[in-house]
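Close look at the chain arrangement
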Amino acid sequence: METAVTRLETLFQKAESDLDYIQHRVEFELLKSLPDDTAAEENPVALLKELPVLKSRYKSLCVQMEKISMEQKESMESIRAALEKTMEIVQALQQRTELESLPLSAEEQTAAQQLNLQTGKEVELPVEEPSCPGPTVPDSAEDPQFKPLTEETFMSVPRSVRSTVKLADLNYLYKGLFNHFVVKKNRAALSISQMNKMNMKATDSRIQILKELGIVELNKQGNVKLAV
């Protein structure tokens, strides 16, 4: 709507300039050819003098359209922010109570897409690790150890899936997920945006390879966690 208003204003400015020139030109020519006693309703010059009124009304309509467009944009931003906040609260409650979220209906999905909402977004909740008394032994043999993917394992994935991915980048993402879920014992699945906020450098193609290898699994919202 804003683009349409801008285009109308540009066209109007050009038309207004052209009309001013034509108006003055026509008035001059008509004044030379009309007799002095011509009635007002038959005088084209009198009709031309009404053009500024029409142009003023048109400009007023353009201003009103621009104002309506701005108010509509502000309303949509307010609605979108309120819905996103509500969805974050609901998902946070689901994670705390370990309830599985139901998939959105087709109608709800359409509404979310129109509002540009991230329906698969989950809120990462801090997991409190119990503090155990007594000293801990660093580098204990019982601690989980990260084992990076080998070249052989990487090459076992179909070429069409791994063609744009490097093994080093894949292992970087895998190690980030391992630390998050195994070392830190987090359970909530992560979206791509959440992973990238943790600097895991996640992409759809890298996640697809880890899924192909059975390392990760995706929930109904498309979020990722390590396979059990």
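The structure displayed is predicted, hence computed values, not measured ones. (Residues numbered from 1 in each chain as written. Predicted model: local features only at pLDDT ≥ 70, side-chain atom pairs only at ≥ 80, totals over all residues. Heavy atoms only, no water.)

Digging into the overall build of the protein
Stated formally: The way it works is that DSSP assigns letters per residue, a run of H or I at least four long becomes a helix, a run of E at least two long becomes a strand, and they are numbered from the N terminus. Note on classification: 1.4 Å probe, protein chains only; a residue is buried when its accessible area is under 20% of the maximum for its type, exposed when over 50%, partly exposed between these limits. We call two residues in contact when some of their heavy atoms are within 4.5 Å. Note that accessible areas follow from Shrake-Rupley with a 1.4 Å probe, and for residues the cover is restricted to the protein chains shown.
Each helix and strand counted, the protein has 9 helices and 2 strands in total. Order of helices (α) and strands (β) in the protein, N terminus to C terminus: α-α-α-α-α-α-α-α-α-β-β. Of all 228 residues assigned to the protein, the portion counted as buried reaches 23%. When contacts within the protein are restricted to residue pairs at least 6 apart in sequence, long-range pairs at least 24 apart make up 66% of them. Approximately 16,700 Å² of the protein is accessible, and the part contributed by carbon and sulfur atoms is 56%.

Notes on the environment of R187
When you line up the elements, R187 lands in the loop between α7 (167-183) and α8 (192-197). For R187, a relative accessible area of 61% corresponds to the exposed category. Each C-alpha atom of the pair R187 and K225 lies 7.7 Å from the other, and the pair is 38 residues apart in sequence.

Comments concerning a nonpolar patch on the surface
The line we're drawing: Surface patches are defined over residues having more than 30% relative accessible area and no salt bridge, joining like charges when they lie within 9 Å and nonpolar side chains (Val, Leu, Ile, Met, Phe, Trp, Tyr) when within 5 Å. For salt bridges, the criterion is a side-chain nitrogen of Lys or Arg within 4 Å of an Asp or Glu carboxyl oxygen.
Nonpolar side chains collect at one region of the surface, where Y21, I22 and V26 lie side by side and expose about 290 Å² of accessible area between them. Mapping I22 onto the fold places it in helix α1 (residues 2-33).

Thoughts on the environment of N179
Inspection of the secondary structure puts N179 in helix α7. A relative accessible area of 29% places N179 in the partly exposed class. Separated by 33 residues in sequence, N179 and F146 have C-alpha atoms that sit 8.3 Å apart.

Focus on α7
Spelled out, the test is: For a helix, the expected span equals 1.5 Å multiplied by the residue count minus one.
With 17 residues, α7 should reach 24 Å at 1.5 Å per residue; the first-to-last C-alpha distance of 22 Å fits that figure. Of the surrounding secondary structure, the elements contacted by the buried residues of α7 are α5 (151-155), α8, α9 (204-212), β1 (216-218) and β2 (224-226). In the segment just after α7, K185 is the residue with positive phi, at about 60°.

Examining the packing of aromatic side chains
Short version of the rule: Classification of ring pairs uses Phe, Tyr and Trp, with its six-membered ring standing for Trp, and accepts pairs whose centres are within 6.5 Å; under 30 degrees between planes counts as stacked, over 60 as edge-to-face, and the remaining range as tilted. Two thresholds decide whether a charge sits over a ring: the Lys NZ or Arg CZ must be within 6 Å of the ring centre and within 35 degrees of the ring normal.
By the definition in use, this model includes 2 aromatic pairs. Both rings, one in F146 and one in Y174, keep their centres 4.9 Å apart while their planes meet at 65°; by these two values the pair is edge-to-face. Here the residue F146 occupies a position in the loop between α4 (106-114) and α5, and Y174 occupies one in helix α7, the gap between them amounting to 28 residues. Across the ring face of Y172, the terminal group of K201 is positioned such that the distance to the ring centre comes to 4.9 Å.

Brief notes about the side chain of Q194
Counted only if it meets this: Polar contacts, as used here, are pairs of N or O atoms within 3.5 Å; protein pairs need one atom able to donate a hydrogen and one able to accept it. Residues neighboring in sequence count only if both atoms are side-chain atoms.
Tracing the chain through its elements places Q194 in helix α8. By relative accessible area, which is 9% here, Q194 ends up buried. From its side chain, Q194 meets the backbone nitrogen of S191 in a polar contact 3.0 Å long.

Details of the pattern of salt bridges
For the structure on display, the rule yields 1 salt bridge. Residue D169 is joined to R206 by a salt bridge in which the shortest nitrogen-to-oxygen separation is 3.5 Å. Of this pair, D169 sits in helix α7 while R206 sits in helix α9, placing them 37 residues apart in sequence. Given the relative accessible area of 16%, R206 is considered buried.

Re the environment of A15
By the secondary structure assignment, A15 is in helix α1. Residue A15 is classed as partly exposed on the basis of its relative accessible area, which comes to 35%. Taking the C-alpha atoms as reference points, A15 and K55, separated by 40 residues in sequence, lie 9.8 Å from one another.

Quick notes on the confidence of the model for the protein
Selection criterion: pLDDT measures the predictor's confidence residue by residue and takes values from 0 up to 100.
Counting all residues, the mean pLDDT for the protein is 75, and 65% of those residues have values of 70 or more. Throughout residues 120-141 the model reports pLDDT below 50, and contacts reaching past four residues in sequence, or to other chains, amount to 29 contacts.

Focus on the nonpolar core
Worth spelling out the cut-off: What makes a nonpolar core is a set of buried Ala, Val, Leu, Ile, Met, Phe, Trp, Tyr and Cys residues whose side-chain atoms join them at distances within 4.5 Å.
Grouped together as the largest cluster of nonpolar side chains are 21 residues, with contacts concentrated most on L173, L177, M195 and L210. Those elements that place two or more of their residues in this core are α7, α9 and β2.

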